[in-house]
Amino acid sequence: MVAKTRPANSMASEWVPPLLNSPEEEASYFVSRLADRRFITYYGDNDNRRPWYTAAERLGELGLPAVPLLFARLNTTDEYEQMLVLYALQLATQDPQLMVRTRGDYVQLKVVLDPAYNAENVATAQQWWQQHEQQLTR
């Protein structure tokens, strides 16, 4: 499983509107930000600087409420957004509540955060969805 911790340096781009009343509303907001290439922060030192994809990471933390919204965006024509949708799906489908329903199965991508693998990763995600869609609607 993929486990990450939020970088210590937060930026103003991580601001969330104050009127989000539910995890579903928060998920909707972050899904709307996936295509925004400015909605990232960086962590690590100058020699090993890495991007923190804020929207994808937050959707991963939200878990189950984000999964149907992410699958709705899976076939976007924006390869950057699609790459982050896939990454967020890998994280969000590891939600413990969801993994109980799927018997530990989650979207397992061989290569993440590389748009060259989007087509392969979409096929993997769609296969997972076909197997587990009913568990999401319970």
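Residues numbered from 1 in each chain as written. Predicted model: local features only at pLDDT ≥ 70, side-chain atom pairs only at ≥ 80, totals over all residues. Heavy atoms only, no water.

*Asks:* Run through the pairing of strand 2 (residues 50–53), naming residues and quoting values.
*Replies:* Each regular strand shows side chains that alternate between the opposite faces of the sheet. As paired strands, strand 1 (residues 40–43) and strand 2 are joined by four bridges and run antiparallel to one another. Across the sheet, Thr41 pairs through a bridge with Trp52, a residue of strand 2. Counting the residues in the hairpin turn of strand 1 and strand 2 gives six residues, including Gly44, whose phi is positive at 95 degrees. (Pairing = 2+ DSSP bridges. Helix = DSSP H or I, 4+ residues; strand = E, 2+ residues; numbered from the N terminus.)

*Asks:* Run through the environment of Leu89, naming residues and quoting values.
*Replies:* You can see Leu89 is positioned in helix 4 (residues 79–92). Put simply, Leu89 and Glu57 are 32 residues apart on the chain and 9.9 Å apart in space, counted from C-alpha to C-alpha. With residues up to four places along the chain from it excluded, the contact list for Leu89 reads Val67, Leu70, Phe71, Leu74, Val107 and Ala125. (Contact = heavy atoms within 4.5 Å.)

*Asks:* So what about the pattern of salt bridges? Which residues, and what values?
*Replies:* Scanning the entire structure with this criterion turns up six salt bridges. Put simply, Arg58 and Glu26 hold a salt bridge, and the shortest N to O gap is 2.2 Å. A residue pair is termed long-range when its members are at least 10 positions apart, and Arg58 in helix 2 (residues 54–62) and Glu26 in helix 1 (residues 23–32) qualify at 32 residues. Across the pair, exposure class does not vary: Arg58 and Glu26 are buried alike. (Salt bridge = Lys/Arg side-chain N within 4 Å of Asp/Glu carboxyl O. Buried < 20%, exposed > 50% of the residue type's maximum accessible area, 1.4 Å probe, protein only.)

*Asks:* Run through the packing of helix 4 against helix 6 (residues 118–136), naming residues and quoting values.
*Replies:* Helix 6 packs onto helix 4 with a crossing angle of 40 degrees between their chain directions and a minimal axis gap of 10 Å. On the basis of the axis angle, helix 4 is oblique to helix 6. The crossing of helix 4 and helix 6 is left-handed. Residues Glu79, Gln82, Met83, Leu86 and Leu89 of helix 4 lie in contact with helix 6, whose contacting residues are Asn118, Asn121, Val122 and Ala125. Counted by class, the contact of helix 4 with helix 6 contains five nonpolar, three polar and one charged residues. (Axes fitted to C-alpha atoms, helices over the stretch in contact; angles between N-to-C directions. Parallel < 35°, antiparallel > 145°, perpendicular 65-115°, else oblique. Left-handed = near helix turned anticlockwise from the far one by under 90°. Nonpolar A, V, L, I, M, F, W, Y, C, P; charged D, E, K, R; others polar.)

*Asks:* Please give an account of the packing of aromatic side chains that cites residues and values.
*Replies:* By the definition in use, this model includes seven aromatic pairs. With a centroid separation of 6.1 Å and an interplanar angle of 80 degrees, the aromatic rings of Tyr43 and Trp52 are classed as edge-to-face. Residue Tyr43 is classed as partly exposed on the basis of its relative accessible area of 26%. Judged by its relative accessible area of 3%, Trp52 is buried. Ring geometry for Phe71 versus Trp129: centroids 4.4 Å apart, planes at 35 degrees, classification tilted. Here Phe71, found in helix 3 (residues 67–72), pairs with Trp129, found in helix 6; they are 58 residues apart in sequence, far enough to count as distant. Put simply, the rings of Tyr29, Phe30 and Phe39 pair up and form one aromatic cluster. The ring of Tyr42 has Arg49 lying over it, and the distance from NZ or CZ to the ring centre is 3.8 Å. (Phe/Tyr/Trp six-rings, centres within 6.5 Å; stacked < 30°, edge-to-face > 60°. Lys NZ or Arg CZ within 6 Å of the ring centre and 35° of its normal.)

No statement about biological role is implied by the geometric values presented.
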